[in-house]
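What the coordinates show
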Amino acid sequence: MNTLHHRDGAECPLCNWKLNEAHPVIADWFHRSKKVHVNMHIAWAYRSQADQDKMVAEKKSLAKWPTSKHNARTDDLKPCAEALDIFLLDEDGNARWPKIFYAKLAAENKANGEPIKWSGEFKSILESNHFELKRAKSEKV
């Protein structure tokens, strides 16, 4: 895999493609965070029903379709994920999921007043790399 574009701070085409199916607020947060953490990338944004069913079957998610924030859609049913699963690429181009990084990112979010919460802050999510949009229950996409 050619990971040069991942190390030099340039935008990542795959991350940008995934952000096309994400809520604009969480996409903006990702872009701001990526400026500081250039090796940060997106594993998941939107998940289709088949993807979500597979995650549940593999015990990587407890949320059945369409209850995951990864399954959020607009009123006209366009994908609009309210969650991102994040990973880091190391210098050798290997994906890493360091919980200490996620805790640091969560602390930065809190200090900066970002509208994002981290899965490490609640018990209902199995993965530590999950970040989601904080929204009032009554808010619509």
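In the block above lies the structure referred to throughout.
Residues numbered from 1 in each chain as written. Predicted model: local features only at pLDDT ≥ 70, side-chain atom pairs only at ≥ 80, totals over all residues. Heavy atoms only, no water.

**A few points about the pattern of salt bridges**
For the record, the criterion: Salt bridges, as used here, are contacts in which a Lys or Arg side-chain nitrogen is within 4 Å of a carboxyl oxygen on Asp or Glu. Strands here mean DSSP runs of E at least two residues long; helices mean DSSP runs of H or I at least four residues long; both are numbered from the N terminus. The classification of residues rests on relative accessible area computed with a 1.4 Å probe and restricted to protein chains. Under 20% of the type maximum is buried, over 50% is exposed, and intermediate values are partly exposed.
Applying the stated criterion to the full structure yields eight salt bridges. For the salt bridge of Lys 69 with Glu 82, the shortest nitrogen-to-oxygen distance reads 3.8 Å. Residue Lys 69 is found in the loop between helix H4 (49-57) and strand E2 (83-89), and its partner Glu 82 is found in the loop between H4 and E2; the two are separated by 13 residues along the sequence. Between Asp 76 and Lys 78 there is a salt bridge, with the nearest N and O atoms lying 3.8 Å from each other. Relative accessible area serves as the criterion here: at 52%, Lys 78 is assigned to the exposed category. Salt bridges here are not isolated pairs; linked through shared partners, they connect Lys 54, Glu 58 and Lys 60.

**Quick notes on the environment of His 31**
Put simply, the rule reads: Residue contacts are counted whenever heavy atoms from the two residues lie within 4.5 Å of one another.
Looking at the element boundaries, His 31 is found in helix H3 (residues 24-36). Taking the C-alpha atoms as reference points, His 31 and Glu 11, 20 residues apart in sequence, are found 9.0 Å from one another. Sequence-distant contacts of His 31, that is, excluding residues within four places in its chain, are made with Asn 16 and Leu 19.

**Description of the environment of Phe 122**
Within the secondary structure, Phe 122 sits in the loop between strand E4 (116-118) and strand E5 (130-133). A residue is classified by how much of its surface remains accessible, and Phe 122, at 22% relative accessible area, is partly exposed. Not counting residues within four places of it along the chain, the set of residues in contact with Phe 122 comprises Lys 117 and Glu 132.

**A look at unusual backbone geometry**
A cis amide bond, omega 0°, links Trp 65 with the succeeding residue Pro 66. Structurally, Pro 66 is set in the loop between H4 and E2. For Lys 59, which is not a glycine, the phi torsion comes out positive at approximately 60°. Relative to the elements of secondary structure, Lys 59 occurs in the loop between H4 and E2. Classification of Lys 59 as exposed rests on a relative accessible area of 67%. If you check the backbone angles, Leu 77 has positive phi at about 70° while not being a glycine. Position of Leu 77 among the secondary structure elements: in the loop between H4 and E2.

**A short note on the pairing of E2**
Under the convention used in this document: At least two bridges found by DSSP between two strands are what make those strands a pair.
Judged by how many residues are buried, E2 sits mostly within the fold: seven of seven residues are covered. What you see with E2 is no split at all: Ala 83, Asp 85, Phe 87 and Leu 89 on one side and Leu 84, Ile 86 and Leu 88 on the other are buried throughout. Bridge count for E2 against E5 is three bridges, and the pairing is antiparallel. Bridge pairing in E5 places Leu 84 opposite Phe 131. As defined by bridge partners, E2 adjoins strand E3 (residues 95-96) across two bridges and the pair is classed as antiparallel.

**Points about the packing of aromatic side chains**
Within a pair of aromatic rings, the relevant descriptors are the distance that separates the centres and the angle that separates the planes. Threshold: Whether two aromatic rings pair depends on their centres lying within 6.5 Å, for rings of Phe, Tyr and Trp, where Trp uses its six-membered ring; planes under 30 degrees apart make the pair stacked, over 60 edge-to-face, and the rest tilted. As a reminder, the over-ring test applies to NZ of lysine and CZ of arginine, requiring each to be within 6 Å of the ring centre and within 35 degrees of the ring normal.
Within this structure, the stated rule accounts for five aromatic pairs. One aromatic cluster in this structure is built from Trp 29, Phe 101, Tyr 102, Trp 118 and Phe 131. If you follow Arg 47 out to its NZ or CZ, it ends over the ring of Trp 44, 5.2 Å from the centre.

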